[in-house]
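Structure at a glance
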Amino acid sequence: MNTRTDYAWSTPRGLVERPGEYPETTELWGYTDRFAYRQGEQVDLRVHTTAETFDVEIIREGARPETVFTETGVPGTRQETPADAYATGCGWSSCLTIDLGEDFTPGYHLVIFRTQDEHGREIEQESFFIVRPDSPADVDIVLVHATSTMLAYNDWGGGNHYRGLPDGDRNDIPSPYSSMHRPIARGMLRKPVGAPRNAHTDLSVPIGWEPRHPTYEWAWQRGYSRHHNDAGWANYERPFTIWAEEQGYRVGHLTQNELHAEADCLDGAPVVVIVGHDEYWSWEMRDTLDAYVDGGGHLARFGGNYVWQVRLDLDTGVQTCFKDPSADPIRATDPTRLTTAWDAPEIGRPGAETMGLTGLGGAYIRYGSAVPRGSGGYTVYRENHWALTGTDLYYGDVFGQAPLCIAAFEVDGCDYTFRHGLPYATGADGAPEDLEIIAMAPAVSGGEDRWSGRVPIGAPAAELADLYAGIYPDGIPPHHQGPGYGSSMVVTFTRGDGEVFCAGTTDWPYGLEANDPFVTIITRNVLDRFIAAGRDGAQAPATNTKEQR
């Protein structure tokens, strides 16, 4: 008999956000009809509440938050909600429309809905929208929000791409469909300062230790989504935006939806930035990003966990991701659009061709029992690389280590080998020939169960083994065979006439939030080089030393 290993996030009695779930409580949720608008357009707010009235506040977020809209005493409406709203959308009627006049300057806008319960306690729930810059050339940085990853983890309504469908046990059956026409899970857009991260940041882990997951324990106790840390503005884009604006950079915002629908939406951008957790991409999103870089653009990716292809229907607002290729009905007619890992041979478009790295080459660090005593930082191998200028880092030095832990949670890597003490990509997984590995940190494909199923695991190693069996029906390639060891990597490479920097970790923004000197200097080096090259209309010259090529 095989011992079952439970997912840590599947502990029973976690928050389920949907109308009628907790009949004795005051309900209030809302969403916008789109994620992004231009100035002069109109935002449509769809709100459900059991209260007689509610208030609305809209804040333009960033280093200097500013309230740009308030409305009080909006009549409340109890909306009919489908049982599968997580997959098909809520279909709620409009409660309030807002004209985006001159007060709504380009940027990220947090929408806060407020009311009071019968005890006089304030009830709040959040939504968001982005006002796009008039042109990408008007800003220094175009920040692309990882909205497809947000959709994948958003469990409002009871389900997402990971769990929620009834199975008679812990409801760990994922939904292949996720709708954007519903509220966002509590904690993804706003949460208290000091909320725990997915990665554990302990300075020491004693012998006999058992993994805990403070992020889930906090969510249970405080009434937040179990997925509050997995995606969203509060975790990733917000820390970067605040840091960048404080440094004087002009930040413009787009979502992945624009990359999916508009092939020219990045044209003229000095640098495109992605931060945090960008696990999910559509074919069309990749086309837009690849064309931008090939044409001389510059991509700074301070993120990690690049894994899945999705299909996105903006007319219905539904994102599709089966993950198991045998379950996707499109397999027989168009295998290139299979919603599974990009590295699946049937797709024919390895993830490393776009990002230099892939989530299957990295995986987890300091998440439950995955490398629990890892440093949490990066070990330097190419100390003379231009990205490290001014850091005073030497070969073998470590930066970003515990308790900061920037090389943590979910990470990206590639197949590699060592020659004379330096790491080199083999190219077996599609990594570019000129990929330069600047720094690394050991990772594993999943957590090891040493407790005979008694202790929940953050990401059981068997999960990835099952994926490999599905995407490699003719046999697992050599670079994915073995005990499941990988690596998080900081890399650069060229693609077409453009250049890419990839930090290879979801948790890089936490280093900016903490103003870590190494993380901030490296980030500035990348942005300043790419912005200058983008303004000049030409790629910056390579400056790496000969012995490190």
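Residues numbered from 1 in each chain as written. Predicted model: local features only at pLDDT ≥ 70, side-chain atom pairs only at ≥ 80, totals over all residues. Heavy atoms only, no water.

This part is about the sheet that holds strand 16 (residues 318–320). Taken in spatial order, the 4 strands line up as 10-16-15-13 in an open sheet, and their pairing is mixed. Taken across any chain shown, the strands that pair with only one partner, and hence form the sheet edges, are strand 10 (177–179) and strand 13 (280–282). For this sheet, the mean inter-axis angle between neighbouring strands, taken without regard to orientation, is 35°. (Pairing = 2+ DSSP bridges. Helix = DSSP H or I, 4+ residues; strand = E, 2+ residues; numbered from the N terminus. Axes fitted to C-alpha atoms, helices over the stretch in contact; angles between N-to-C directions.)

Considering all chains together, one arrives at 2 cavities of 30 Å³ or more under this definition. Looking at the lining of the largest cavity residue by residue, the classes come out as 6 nonpolar, 3 polar and 1 charged. Approximately 40 Å³ is the volume found for the second largest cavity. Along the walls of the second largest cavity sit Y31, T32, F35, S127, F128, M180, R182 and I184, which together make up its complete lining. Elements supplying a minimum of two residues to the lining of the second largest cavity: strand 1 (28–32) and strand 8 (122–131). Classifying every residue of the lining of the second largest cavity by side-chain character gives 5 nonpolar, 2 polar and 1 charged. (1 Å grid on protein atoms, 1.4 Å probe; cavity = no way out; pocket = protein on both sides within 12 Å on 5 of 7 lines; lining within 4 Å. Points joined across faces, edges and corners; volume = space filled by probe spheres on them. Nonpolar A, V, L, I, M, F, W, Y, C, P; charged D, E, K, R; others polar.)

With that settled, the discussion passes to helix 3 (residues 214–222). Helical periodicity: at 3.6 residues per turn, an α-helix aligns residues three or four positions apart in one direction. Those residues of helix 3 that fall on the buried side of the exposure criterion are T215, Y216, W218 and A219. Looking down the long axis of helix 3, one finds its buried residues gathered within 160° of arc, a one-sided arrangement. G223, located one to two residues past helix 3, shows a positive phi value of around 75°. (Buried < 20%, exposed > 50% of the residue type's maximum accessible area, 1.4 Å probe, protein only. Arc of directions from axis to C-beta.)

This part covers the state of the cysteines. A covalent bond bridging the sulfur atoms of two cysteines is what the word disulfide describes. As enumerated under the stated definition, the model contains 0 disulfides in all. Free of any disulfide, C414 has its nearest neighbouring cysteine sulfur in C502, separated by 10.0 Å. Among the residues examined, C502 registers a relative accessible area of 1% and is labelled buried. (Disulfide = S-S within 2.5 Å.)

All right, on to the domain arrangement of the protein then. Each assigned domain of the protein is listed with its residue range as follows: domain 1 (24–132) and domain 2 (238–539). Relative placement of domain 1 and domain 2: their C-alpha centres are 32 Å apart. Contacts between the two partners involve 13 residues from domain 1 and, on the opposite side, 13 residues from domain 2. Interface area for domain 1 against domain 2, summed over the two sides, is near 1,000 Å², with a carbon-plus-sulfur share of 53%. By the criterion of area lost to domain 2, the three top residues of domain 1 are A63, I130 and R132, representing 41% of everything that side buries. Where domain 1 packs against domain 2, one counts 2 salt bridges. (Domains from an automatic or database assignment. Contact = heavy atoms within 4.5 Å. Buried area = accessible area lost by both parts, 1.4 Å probe. Salt bridge = Lys/Arg side-chain N within 4 Å of Asp/Glu carboxyl O.)

We now examine the pattern of salt bridges. What the rule picks out here adds up to 28 salt bridges. Put simply, E61 and R238 hold a salt bridge, and the shortest N to O gap is 3.2 Å. In this pair, E61 sits in the loop between strand 4 (53–60) and strand 5 (66–75) while R238 sits in helix 4 (residues 237–246), placing the two residues 177 residues apart along the sequence. Here E61 falls in the buried class, since its relative accessible area comes to 8%.

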